[in-house]
Amino acid sequence: MPGSCCAVFGCCHRGGHTFPKDKKIRNQWRRAIKRDSFKPIRPWWPAASSLVCKAHFLDSDYEEKSVLGFKVNKKKLKKTAVPSQFAWSKVEPSSPALSREKRLKERNEKRRLEKEEVKQDECRKGESAENDAVVQDLNLAMQVDIESVPVIQEVHIQTDPLPNYSTCTSETQTESNRGFTIEDFKTDSAGVHYYTGLQDYLTFSDVLASLGPSAFKLTYLHGVRPSICVPDQFFLTVIKCRRYTPNFELSRMFKISESEVYCIFVTWMRFMSLQWREVDIWPSRDCVSFYAPSDFKRNFPTTRTILDGFEFPVKKPKAPTAQQVTFSTYKNRNTAKSVVGVTPGGLVSYMSCAYGGSTSDRQIAERSGLTRRTDPGDAIMVDKGFDIQDIFAPVDVTINIPTFFRKKNRMSGKSVLRDRKISSKRVHVERIIGLGKMYKILTQPLNQTEMTLASNIAFVCFMLLNFRKCIIPSSA
(Lines give C-alpha, C1' and ligand atoms only; values in the text may rest on other atoms or scores of the structure.)
Protein backbone atom coordinates (compact mmCIF):
# COMPACT_ATOMS: atom_id res chain seq x y z
CA MET A 1 0.00 0.00 0.00
CA PRO A 2 1.41 3.41 -0.91
CA GLY A 3 0.37 4.91 2.44
CA SER A 4 2.21 2.35 4.64
CA CYS A 5 5.31 3.37 6.60
CA CYS A 6 8.74 1.93 5.94
CA ALA A 7 9.53 -1.23 7.95
CA VAL A 8 13.08 -0.05 8.78
CA PHE A 9 13.60 1.12 12.38
CA GLY A 10 13.82 4.92 12.66
CA CYS A 11 12.55 5.59 9.10
CA CYS A 12 9.27 7.48 8.77
CA HIS A 13 9.00 7.58 4.96
CA ARG A 14 5.88 6.26 3.29
CA GLY A 15 5.65 4.13 0.18
CA GLY A 16 8.35 2.01 -1.37
CA HIS A 17 8.88 -1.63 -2.41
CA THR A 18 7.01 -4.61 -1.00
CA PHE A 19 8.92 -7.62 0.29
CA PRO A 20 9.78 -10.17 -2.46
CA LYS A 21 7.83 -13.41 -2.71
CA ASP A 22 11.01 -15.48 -2.92
CA LYS A 23 11.55 -16.80 0.62
CA LYS A 24 15.36 -16.68 0.37
CA ILE A 25 15.46 -13.04 -0.79
CA ARG A 26 12.78 -12.13 1.77
CA ASN A 27 14.95 -13.48 4.63
CA GLN A 28 17.89 -11.46 3.26
CA TRP A 29 15.72 -8.34 3.48
CA ARG A 30 14.76 -9.23 7.08
CA ARG A 31 18.40 -9.65 8.07
CA ALA A 32 19.38 -6.41 6.26
CA ILE A 33 16.81 -4.31 8.11
CA LYS A 34 17.65 -6.18 11.41
CA ARG A 35 14.19 -7.54 11.94
CA ASP A 36 15.45 -11.07 12.60
CA SER A 37 17.76 -10.09 15.50
CA PHE A 38 14.83 -9.65 17.87
CA LYS A 39 13.28 -12.81 19.26
CA PRO A 40 10.17 -11.90 21.17
CA ILE A 41 7.38 -14.27 21.95
CA ARG A 42 6.23 -13.94 18.38
CA PRO A 43 8.93 -13.26 15.69
CA TRP A 44 8.32 -10.54 13.08
CA TRP A 45 7.39 -11.54 9.54
CA PRO A 46 6.57 -9.13 6.72
CA ALA A 47 2.90 -8.76 5.90
CA ALA A 48 1.48 -8.17 2.43
CA SER A 49 1.47 -4.40 3.11
CA SER A 50 5.01 -4.20 4.59
CA LEU A 51 7.31 -1.89 2.63
CA VAL A 52 10.92 -0.74 2.44
CA CYS A 53 11.27 2.79 1.02
CA LYS A 54 13.55 3.75 -1.87
CA ALA A 55 15.99 5.58 0.40
CA HIS A 56 17.52 2.25 1.45
CA PHE A 57 18.51 1.12 -2.06
CA LEU A 58 21.38 2.09 -4.34
CA ASP A 59 21.00 3.27 -7.94
CA SER A 60 22.67 0.04 -9.04
CA ASP A 61 19.80 -1.94 -7.48
CA TYR A 62 17.49 -0.73 -10.27
CA GLU A 63 17.30 -1.95 -13.86
CA GLU A 64 18.41 0.71 -16.37
CA LYS A 65 17.22 -1.07 -19.53
CA SER A 66 14.27 -3.24 -20.39
CA VAL A 67 14.40 -6.78 -21.78
CA LEU A 68 14.45 -5.37 -25.32
CA GLY A 69 17.40 -3.08 -24.48
CA PHE A 70 15.50 0.21 -24.33
CA LYS A 71 15.97 2.72 -21.51
CA VAL A 72 13.14 2.42 -18.99
CA ASN A 73 11.17 5.51 -17.97
CA LYS A 74 10.17 4.10 -14.57
CA LYS A 75 12.77 2.52 -12.32
CA LYS A 76 12.22 -1.17 -11.61
CA LEU A 77 13.91 -2.95 -8.72
CA LYS A 78 16.06 -5.95 -9.59
CA LYS A 79 14.84 -9.31 -8.31
CA THR A 80 18.11 -9.92 -6.45
CA ALA A 81 18.38 -6.44 -4.91
CA VAL A 82 18.73 -6.17 -1.13
CA PRO A 83 18.42 -2.90 0.89
CA SER A 84 21.80 -1.67 2.13
CA GLN A 85 21.50 2.02 2.97
CA PHE A 86 20.70 2.57 6.65
CA ALA A 87 21.48 5.10 9.34
CA TRP A 88 23.61 2.58 11.26
CA SER A 89 25.60 1.63 8.15
CA LYS A 90 26.70 5.18 7.16
CA VAL A 91 30.27 6.04 8.11
CA GLU A 92 30.50 9.46 9.71
CA PRO A 93 33.69 11.42 9.04
CA SER A 94 36.03 11.62 11.97
CA SER A 95 36.34 14.81 13.96
CA PRO A 96 39.97 15.47 12.82
CA ALA A 97 38.84 15.36 9.19
CA LEU A 98 36.01 17.80 9.90
CA SER A 99 38.32 20.22 11.70
CA ARG A 100 40.85 20.14 8.84
CA GLU A 101 38.12 20.91 6.32
CA LYS A 102 36.82 23.75 8.48
CA ARG A 103 40.28 25.30 8.85
CA LEU A 104 40.80 25.09 5.08
CA LYS A 105 37.53 26.94 4.39
CA GLU A 106 38.41 29.66 6.92
CA ARG A 107 41.84 30.22 5.34
CA ASN A 108 40.36 30.48 1.83
CA GLU A 109 37.68 32.92 3.00
CA LYS A 110 40.28 35.06 4.79
CA ARG A 111 42.46 35.25 1.67
CA ARG A 112 39.47 36.22 -0.47
CA LEU A 113 38.47 39.05 1.91
CA GLU A 114 42.05 40.36 2.01
CA LYS A 115 42.18 40.52 -1.80
CA GLU A 116 38.85 42.39 -1.92
CA GLU A 117 40.01 44.93 0.68
CA VAL A 118 43.20 45.64 -1.29
CA LYS A 119 41.17 46.11 -4.48
CA GLN A 120 38.66 48.42 -2.76
CA ASP A 121 41.45 50.54 -1.26
CA GLU A 122 42.96 51.05 -4.70
CA CYS A 123 39.59 52.04 -6.19
CA ARG A 124 38.86 54.37 -3.25
CA LYS A 125 42.16 56.21 -3.66
CA GLY A 126 41.57 56.77 -7.37
CA GLU A 127 37.95 57.87 -6.93
CA SER A 128 38.72 60.22 -4.03
CA ALA A 129 41.19 62.18 -6.15
CA GLU A 130 38.71 62.42 -9.02
CA ASN A 131 35.80 63.39 -6.75
CA ASP A 132 37.88 66.13 -5.10
CA ALA A 133 38.49 67.64 -8.51
CA VAL A 134 34.78 67.46 -9.35
CA VAL A 135 33.82 69.06 -6.02
CA GLN A 136 36.19 71.94 -6.70
CA ASP A 137 34.56 72.45 -10.10
CA LEU A 138 31.10 72.48 -8.52
CA ASN A 139 32.21 74.90 -5.80
CA LEU A 140 33.45 77.26 -8.49
CA ALA A 141 30.23 76.76 -10.44
CA MET A 142 28.04 77.70 -7.47
CA GLN A 143 29.55 81.15 -6.91
CA VAL A 144 26.86 83.85 -6.81
CA ASP A 145 27.33 87.38 -8.05
CA ILE A 146 25.60 89.65 -5.49
CA GLU A 147 27.27 93.00 -6.21
CA SER A 148 24.36 94.67 -8.02
CA VAL A 149 21.26 92.83 -6.79
CA PRO A 150 18.16 95.05 -6.27
CA VAL A 151 16.04 94.89 -3.14
CA ILE A 152 13.93 92.04 -4.58
CA GLN A 153 15.50 90.08 -7.40
CA GLU A 154 16.06 86.50 -8.40
CA VAL A 155 19.37 84.98 -7.39
CA HIS A 156 21.23 83.73 -10.45
CA ILE A 157 23.62 80.85 -9.95
CA GLN A 158 26.48 80.94 -12.43
CA THR A 159 27.00 77.31 -13.29
CA ASP A 160 29.32 76.10 -16.00
CA PRO A 161 28.56 72.89 -17.87
CA LEU A 162 29.71 69.78 -16.06
CA PRO A 163 33.26 68.71 -17.00
CA ASN A 164 34.00 65.48 -18.76
CA TYR A 165 33.12 62.78 -16.23
CA SER A 166 34.13 59.83 -18.38
CA THR A 167 37.26 59.51 -16.23
CA CYS A 168 35.27 59.08 -13.02
CA THR A 169 33.86 55.74 -14.01
CA SER A 170 35.45 52.54 -12.78
CA GLU A 171 38.73 51.39 -14.25
CA THR A 172 37.11 48.35 -15.77
CA GLN A 173 34.64 50.46 -17.78
CA THR A 174 36.30 51.22 -21.11
CA GLU A 175 35.09 53.49 -23.86
CA SER A 176 33.95 50.56 -26.00
CA ASN A 177 31.52 49.10 -23.44
CA ARG A 178 30.33 52.43 -21.99
CA GLY A 179 26.57 52.52 -21.43
CA PHE A 180 24.04 55.35 -21.34
CA THR A 181 25.61 58.60 -20.09
CA ILE A 182 24.64 62.26 -19.74
CA GLU A 183 27.78 63.21 -21.68
CA ASP A 184 26.02 62.13 -24.88
CA PHE A 185 23.33 64.82 -24.37
CA LYS A 186 25.46 67.95 -24.06
CA THR A 187 24.07 69.34 -27.32
CA ASP A 188 20.80 67.37 -27.37
CA SER A 189 18.28 69.55 -25.48
CA ALA A 190 15.32 67.55 -26.81
CA GLY A 191 16.85 64.34 -25.47
CA VAL A 192 17.49 65.87 -22.05
CA HIS A 193 13.88 67.10 -21.87
CA TYR A 194 12.53 63.70 -22.95
CA TYR A 195 14.46 61.72 -20.34
CA THR A 196 14.53 64.22 -17.43
CA GLY A 197 11.84 66.85 -18.01
CA LEU A 198 14.49 69.57 -17.67
CA GLN A 199 15.12 72.19 -20.32
CA ASP A 200 18.67 71.35 -21.42
CA TYR A 201 22.06 70.11 -20.28
CA LEU A 202 22.87 73.39 -18.51
CA THR A 203 19.70 73.13 -16.41
CA PHE A 204 20.64 69.55 -15.58
CA SER A 205 24.02 70.83 -14.36
CA ASP A 206 22.30 73.48 -12.21
CA VAL A 207 20.06 70.89 -10.53
CA LEU A 208 23.03 68.63 -9.76
CA ALA A 209 25.03 71.60 -8.44
CA SER A 210 22.15 72.52 -6.11
CA LEU A 211 22.69 69.23 -4.27
CA GLY A 212 26.17 70.34 -3.27
CA PRO A 213 29.37 68.31 -2.82
CA SER A 214 27.59 65.78 -0.59
CA ALA A 215 26.43 64.02 -3.75
CA PHE A 216 29.99 62.73 -4.20
CA LYS A 217 30.25 61.27 -0.70
CA LEU A 218 27.11 59.17 -0.40
CA THR A 219 26.77 55.96 1.58
CA TYR A 220 24.79 53.67 -0.67
CA LEU A 221 22.20 51.07 0.25
CA HIS A 222 23.70 47.69 1.28
CA GLY A 223 27.18 49.24 1.02
CA VAL A 224 27.18 49.02 -2.78
CA ARG A 225 29.86 50.97 -4.70
CA PRO A 226 28.30 51.98 -8.07
CA SER A 227 30.34 51.47 -11.22
CA ILE A 228 28.98 54.62 -12.92
CA CYS A 229 29.91 58.22 -12.12
CA VAL A 230 27.83 60.61 -9.97
CA PRO A 231 26.21 62.61 -12.82
CA ASP A 232 25.10 59.35 -14.47
CA GLN A 233 23.67 58.13 -11.15
CA PHE A 234 21.61 61.33 -10.93
CA PHE A 235 20.67 60.91 -14.60
CA LEU A 236 19.45 57.34 -13.93
CA THR A 237 17.33 58.47 -10.96
CA VAL A 238 15.63 61.26 -12.89
CA ILE A 239 14.98 58.93 -15.86
CA LYS A 240 13.28 56.51 -13.46
CA CYS A 241 11.02 59.34 -12.24
CA ARG A 242 10.34 60.85 -15.65
CA ARG A 243 9.77 57.71 -17.76
CA TYR A 244 9.16 55.14 -14.96
CA THR A 245 11.56 52.85 -16.80
CA PRO A 246 11.81 49.32 -15.29
CA ASN A 247 15.02 48.41 -13.49
CA PHE A 248 15.73 45.71 -16.08
CA GLU A 249 15.71 48.24 -18.93
CA LEU A 250 17.82 50.73 -16.95
CA SER A 251 20.38 48.01 -16.23
CA ARG A 252 20.73 47.37 -19.96
CA MET A 253 20.89 51.10 -20.77
CA PHE A 254 23.65 51.87 -18.24
CA LYS A 255 25.25 48.38 -18.46
CA ILE A 256 25.02 47.65 -14.74
CA SER A 257 23.14 45.05 -12.71
CA GLU A 258 19.50 45.38 -11.65
CA SER A 259 20.47 45.32 -7.98
CA GLU A 260 22.83 48.24 -8.57
CA VAL A 261 20.03 50.19 -10.28
CA TYR A 262 17.80 49.57 -7.26
CA CYS A 263 20.46 50.68 -4.75
CA ILE A 264 21.27 53.83 -6.75
CA PHE A 265 17.60 54.84 -7.08
CA VAL A 266 16.74 54.32 -3.41
CA THR A 267 19.89 56.07 -2.18
CA TRP A 268 19.54 59.09 -4.47
CA MET A 269 15.80 59.47 -3.86
CA ARG A 270 16.37 59.63 -0.10
CA PHE A 271 19.38 61.94 -0.53
CA MET A 272 17.62 64.44 -2.82
CA SER A 273 14.58 64.59 -0.56
CA LEU A 274 16.63 65.18 2.59
CA GLN A 275 18.94 67.66 0.90
CA TRP A 276 16.21 69.79 -0.65
CA ARG A 277 14.04 69.75 2.48
CA GLU A 278 16.83 71.67 4.21
CA VAL A 279 16.12 74.53 1.77
CA ASP A 280 13.38 76.91 2.94
CA ILE A 281 11.12 77.07 -0.12
CA TRP A 282 8.44 79.07 1.74
CA PRO A 283 8.94 82.62 0.36
CA SER A 284 8.31 85.83 2.28
CA ARG A 285 5.18 87.91 1.78
CA ASP A 286 7.09 90.60 -0.13
CA CYS A 287 8.63 88.06 -2.48
CA VAL A 288 5.24 86.46 -3.18
CA SER A 289 3.69 89.85 -3.88
CA PHE A 290 6.58 90.89 -6.15
CA TYR A 291 6.28 87.87 -8.44
CA ALA A 292 2.46 87.59 -8.35
CA PRO A 293 0.60 88.19 -11.65
CA SER A 294 -0.99 91.60 -12.09
CA ASP A 295 -4.61 90.37 -11.89
CA PHE A 296 -3.80 88.45 -8.72
CA LYS A 297 -2.50 91.65 -7.10
CA ARG A 298 -5.75 93.46 -7.89
CA ASN A 299 -8.27 90.82 -6.76
CA PHE A 300 -6.40 88.78 -4.11
CA PRO A 301 -3.39 90.85 -2.98
CA THR A 302 -2.84 89.03 0.35
CA THR A 303 -2.81 85.48 -1.06
CA ARG A 304 0.25 83.64 0.27
CA THR A 305 -0.34 80.21 -1.26
CA ILE A 306 -2.88 78.11 -3.16
CA LEU A 307 -3.49 74.64 -1.68
CA ASP A 308 -4.81 71.55 -3.40
CA GLY A 309 -4.53 67.82 -2.89
CA PHE A 310 -3.50 65.23 -5.44
CA GLU A 311 -3.50 61.44 -5.41
CA PHE A 312 -1.18 58.99 -7.11
CA PRO A 313 -1.86 55.24 -7.43
CA VAL A 314 -0.21 52.47 -5.44
CA LYS A 315 -0.49 48.71 -5.76
CA LYS A 316 -3.01 47.01 -3.51
CA PRO A 317 -1.27 46.04 -0.24
CA LYS A 318 -1.61 42.54 1.20
CA ALA A 319 -2.51 43.62 4.73
CA PRO A 320 -6.26 44.33 5.14
CA THR A 321 -5.55 47.36 7.35
CA ALA A 322 -3.23 48.87 4.72
CA GLN A 323 -5.88 48.25 2.05
CA GLN A 324 -8.41 50.17 4.10
CA VAL A 325 -6.04 53.08 4.77
CA THR A 326 -4.95 53.48 1.13
CA PHE A 327 -8.35 53.00 -0.53
CA SER A 328 -9.71 56.24 -2.00
CA THR A 329 -13.47 56.49 -2.50
CA TYR A 330 -12.86 59.41 -4.87
CA LYS A 331 -10.55 57.44 -7.19
CA ASN A 332 -12.11 54.05 -6.34
CA ARG A 333 -8.67 52.46 -5.99
CA ASN A 334 -5.68 52.32 -3.63
CA THR A 335 -3.76 55.60 -3.67
CA ALA A 336 -1.38 57.81 -1.71
CA LYS A 337 -2.32 61.44 -1.10
CA SER A 338 -0.38 64.69 -0.63
CA VAL A 339 -1.18 68.40 -0.47
CA VAL A 340 0.68 70.87 -2.69
CA GLY A 341 1.05 74.59 -2.04
CA VAL A 342 1.79 76.95 -4.94
CA THR A 343 2.44 80.69 -4.83
CA PRO A 344 0.45 82.98 -7.19
CA GLY A 345 3.60 83.23 -9.31
CA GLY A 346 3.78 79.45 -9.84
CA LEU A 347 6.48 78.40 -7.34
CA VAL A 348 5.93 75.14 -5.44
CA SER A 349 6.26 76.49 -1.89
CA TYR A 350 4.83 73.63 0.16
CA MET A 351 4.66 69.85 -0.13
CA SER A 352 3.18 67.62 2.56
CA CYS A 353 4.15 64.06 3.35
CA ALA A 354 2.26 61.25 1.61
CA TYR A 355 -0.73 59.78 3.43
CA GLY A 356 -3.16 56.97 2.64
CA GLY A 357 -5.84 57.69 0.05
CA SER A 358 -8.58 57.56 2.70
CA THR A 359 -7.13 60.61 4.49
CA SER A 360 -9.15 63.80 4.08
CA ASP A 361 -7.74 67.16 2.98
CA ARG A 362 -8.62 68.64 6.35
CA GLN A 363 -6.65 65.98 8.23
CA ILE A 364 -3.55 66.70 6.13
CA ALA A 365 -3.98 70.45 6.61
CA GLU A 366 -4.15 69.98 10.40
CA ARG A 367 -0.77 68.23 10.30
CA SER A 368 0.80 70.61 7.79
CA GLY A 369 2.13 73.21 10.22
CA LEU A 370 1.01 76.05 7.91
CA THR A 371 -0.41 77.95 10.87
CA ARG A 372 3.18 78.52 12.03
CA ARG A 373 4.41 79.55 8.56
CA THR A 374 1.75 82.13 7.68
CA ASP A 375 1.64 85.68 9.01
CA PRO A 376 -1.40 87.55 10.36
CA GLY A 377 -3.34 89.11 7.50
CA ASP A 378 -2.36 86.44 4.94
CA ALA A 379 -4.88 84.58 2.80
CA ILE A 380 -4.89 80.98 1.54
CA MET A 381 -6.88 79.92 -1.53
CA VAL A 382 -8.37 76.41 -1.41
CA ASP A 383 -11.05 74.17 -2.87
CA LYS A 384 -14.28 73.14 -1.14
CA GLY A 385 -12.62 70.00 0.24
CA PHE A 386 -10.51 72.17 2.55
CA ASP A 387 -13.07 73.25 5.14
CA ILE A 388 -10.34 74.66 7.42
CA GLN A 389 -11.52 78.16 8.35
CA ASP A 390 -11.65 77.26 12.04
CA ILE A 391 -8.02 76.06 11.99
CA PHE A 392 -6.58 79.35 10.64
CA ALA A 393 -8.98 81.77 12.31
CA PRO A 394 -6.92 81.97 15.58
CA VAL A 395 -3.84 83.14 13.61
CA ASP A 396 -5.82 85.76 11.61
CA VAL A 397 -5.43 84.01 8.23
CA THR A 398 -8.27 84.25 5.70
CA ILE A 399 -9.40 81.22 3.68
CA ASN A 400 -10.62 82.05 0.17
CA ILE A 401 -12.97 79.15 -0.58
CA PRO A 402 -15.98 78.82 -2.93
CA THR A 403 -19.36 79.45 -1.31
CA PHE A 404 -21.29 76.53 0.19
CA PHE A 405 -25.05 76.30 -0.45
CA ARG A 406 -25.85 75.52 3.21
CA LYS A 407 -29.49 74.47 2.57
CA LYS A 408 -30.04 77.26 0.02
CA ASN A 409 -31.46 76.52 -3.41
CA ARG A 410 -29.70 79.43 -5.13
CA MET A 411 -26.70 81.75 -4.83
CA SER A 412 -26.58 85.52 -5.03
CA GLY A 413 -24.99 87.23 -8.00
CA LYS A 414 -22.22 88.62 -5.81
CA SER A 415 -21.32 85.12 -4.60
CA VAL A 416 -21.28 83.77 -8.14
CA LEU A 417 -18.90 86.48 -9.32
CA ARG A 418 -16.64 85.94 -6.31
CA ASP A 419 -16.54 82.17 -6.87
CA ARG A 420 -15.70 82.69 -10.53
CA LYS A 421 -12.73 84.84 -9.59
CA ILE A 422 -11.50 82.26 -7.09
CA SER A 423 -11.87 79.43 -9.62
CA SER A 424 -10.04 81.36 -12.33
CA LYS A 425 -7.06 81.85 -10.00
CA ARG A 426 -7.15 78.47 -8.25
CA VAL A 427 -6.84 76.70 -11.61
CA HIS A 428 -3.12 77.55 -11.59
CA VAL A 429 -2.43 74.94 -8.90
CA GLU A 430 -4.24 72.38 -11.05
CA ARG A 431 -1.89 73.25 -13.91
CA ILE A 432 1.15 72.80 -11.66
CA ILE A 433 -0.15 69.39 -10.48
CA GLY A 434 -0.74 68.38 -14.09
CA LEU A 435 2.81 69.44 -14.90
CA GLY A 436 4.09 67.38 -11.96
CA LYS A 437 2.36 64.30 -13.29
CA MET A 438 4.51 64.43 -16.41
CA TYR A 439 6.82 62.42 -14.18
CA LYS A 440 5.21 59.10 -14.95
CA ILE A 441 6.23 57.52 -11.66
CA LEU A 442 3.28 59.49 -10.17
CA THR A 443 0.82 58.04 -12.71
CA GLN A 444 1.67 54.33 -12.41
CA PRO A 445 0.94 52.16 -9.34
CA LEU A 446 3.93 52.16 -6.98
CA ASN A 447 5.17 48.77 -5.81
CA GLN A 448 5.92 47.76 -2.23
CA THR A 449 9.44 49.26 -2.21
CA GLU A 450 8.40 52.50 -3.88
CA MET A 451 5.47 52.91 -1.45
CA THR A 452 7.97 53.36 1.40
CA LEU A 453 9.52 56.21 -0.63
CA ALA A 454 6.18 57.78 -1.62
CA SER A 455 6.77 61.03 0.31
CA ASN A 456 10.29 61.36 -1.11
CA ILE A 457 9.21 60.61 -4.68
CA ALA A 458 6.36 63.15 -4.65
CA PHE A 459 8.54 65.86 -3.08
CA VAL A 460 11.44 65.35 -5.52
CA CYS A 461 9.18 65.36 -8.59
CA PHE A 462 7.55 68.66 -7.59
CA MET A 463 10.86 70.22 -6.55
CA LEU A 464 12.18 69.54 -10.05
CA LEU A 465 9.35 71.75 -11.35
CA ASN A 466 10.94 74.76 -9.62
CA PHE A 467 13.90 74.42 -12.00
CA ARG A 468 11.64 74.74 -15.03
CA LYS A 469 10.44 77.89 -16.72
CA CYS A 470 7.27 79.21 -15.04
CA ILE A 471 4.07 78.36 -16.90
CA ILE A 472 1.99 81.16 -15.30
CA PRO A 473 2.25 84.44 -17.26
CA SER A 474 2.73 87.73 -15.46
CA SER A 475 -0.70 88.95 -16.62
CA ALA A 476 -2.66 85.90 -15.38
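Residues numbered from 1 in each chain as written. Predicted model: local features only at pLDDT ≥ 70, side-chain atom pairs only at ≥ 80, totals over all residues. Heavy atoms only, no water.

Asker: Could you clarify how one ought to interpret the pattern of salt bridges in this entry?
Answerer: Note on pairing: side chains with opposite charge can pair once their charged atoms come close. Taken as a whole, this structure holds 16 salt bridges when the rule is applied. Asp280 is the partner of Arg373 in a salt bridge, and the nearest nitrogen-oxygen pair spans 4.0 Å. With a gap of 93 residues between them, Arg373 in helix 12 (residues 370–373) and Asp280 in the loop between helix 7 (258–277) and helix 8 (285–291) connect regions that are remote in the sequence. Overall, Asp280 belongs to the exposed group, its relative accessible area being 60%. Among the charged side chains, a network of salt bridges with common partners joins Arg285, Arg304, Asp375 and Asp378. (Salt bridge = Lys/Arg side-chain N within 4 Å of Asp/Glu carboxyl O. Helix = DSSP H or I, 4+ residues; strand = E, 2+ residues; numbered from the N terminus. Buried < 20%, exposed > 50% of the residue type's maximum accessible area, 1.4 Å probe, protein only.)

Asker: What exactly am I supposed to notice about the packing of helix 4 (residues 201–210) against helix 5 (residues 230–243) here?
Answerer: What describes two packed helices is the angle between their axes and the distance between those same axes. At their nearest, the axes of helix 4 and helix 5 sit 11 Å apart, and the two run at 105° to each other. With respect to their mutual orientation, helix 4 and helix 5 come out roughly perpendicular. Between helix 4 and helix 5, the contacting residues are Phe204, Val207 and Leu208 on the first element and Pro231, Phe234 and Phe235 on the second. (Axes fitted to C-alpha atoms, helices over the stretch in contact; angles between N-to-C directions. Parallel < 35°, antiparallel > 145°, perpendicular 65-115°, else oblique. Contact = heavy atoms within 4.5 Å.)

Asker: What should I look at first to understand the environment of Asp22 in this one?
Answerer: The topology assignment puts Asp22 in the loop between strand 1 (17–18) and helix 1 (23–32). Relative accessible area serves as the criterion here: at 46%, Asp22 is assigned to the partly exposed category. Remark: the alpha-carbon pair of Asp22 and Thr80, spanning 58 residues in sequence, is separated by 9.7 Å.

Asker: Even after reading the chapter, I still don't get helix 6 (residues 247–254), so can you show me in this structure?
Answerer: Every α-helix carries 3.6 residues per turn, so stepping three or four residues along brings you back to the same face. Those residues of helix 6 that sit buried are Leu250, Ser251, Met253 and Phe254. Seen along its axis, helix 6 keeps its buried residues to an arc of 165°; they face one direction. Packed against the buried residues of helix 6 are helix 3 (189–196), helix 5 and helix 7. Of the residues trailing helix 6, Lys255 is marked for its positive phi of about 60°. (Arc of directions from axis to C-beta.)

Asker: How should the packing of helix 5 against helix 6 be read in this particular structure?
Answerer: The interhelical angle for the contact between helix 5 and helix 6, taken along N-to-C directions, is 150°, at an axis separation of 11 Å. Note on packing geometry: the crossing formed by helix 5 with helix 6 is right-handed. Within the contact between the two elements, helix 5 uses Asp232, Phe235, Leu236, Ile239 and Lys240 and helix 6 uses Asn247, Leu250, Met253 and Phe254. Within the contact of helix 5 with helix 6, the residues separate by chemical class into six nonpolar, one polar and two charged. (Left-handed = near helix turned anticlockwise from the far one by under 90°. Nonpolar A, V, L, I, M, F, W, Y, C, P; charged D, E, K, R; others polar.)

Asker: Quick question: what am I supposed to make of the pairing of strand 8 (residues 348–351) here?
Answerer: Moving residue by residue along a regular strand, the side chains alternate between the two faces of the sheet. In the sheet, strand 7 (residues 333–342) pairs with strand 8 via three bridges, with the strands oriented antiparallel. From the neighbouring strand, Val340 faces strand 8, where its bridge partner is Met351. (Pairing = 2+ DSSP bridges.)

Asker: What exactly am I supposed to notice about the packing of aromatic side chains here?
Answerer: For any pair of aromatic rings, the description consists of the separation of the ring centres together with the inter-plane angle of the planes. According to the stated counting rule, one finds 22 aromatic pairs in the structure shown. Relative to Trp268, the ring of Phe234 has its centre 5.8 Å away and its plane inclined at 45°; by these criteria the two rings are tilted. Note that Phe234 is positioned in helix 5 and Trp268 in helix 7, a separation of 34 residues in sequence. What makes Phe234 buried here is its relative accessible area of 0%. On the basis of relative accessibility, which here comes to 0%, the residue Trp268 falls in the buried class. An angle of 75° between the planes, with centres 6.2 Å apart, marks the rings of Phe235 and Phe254 as edge-to-face. (Phe/Tyr/Trp six-rings, centres within 6.5 Å; stacked < 30°, edge-to-face > 60°.)

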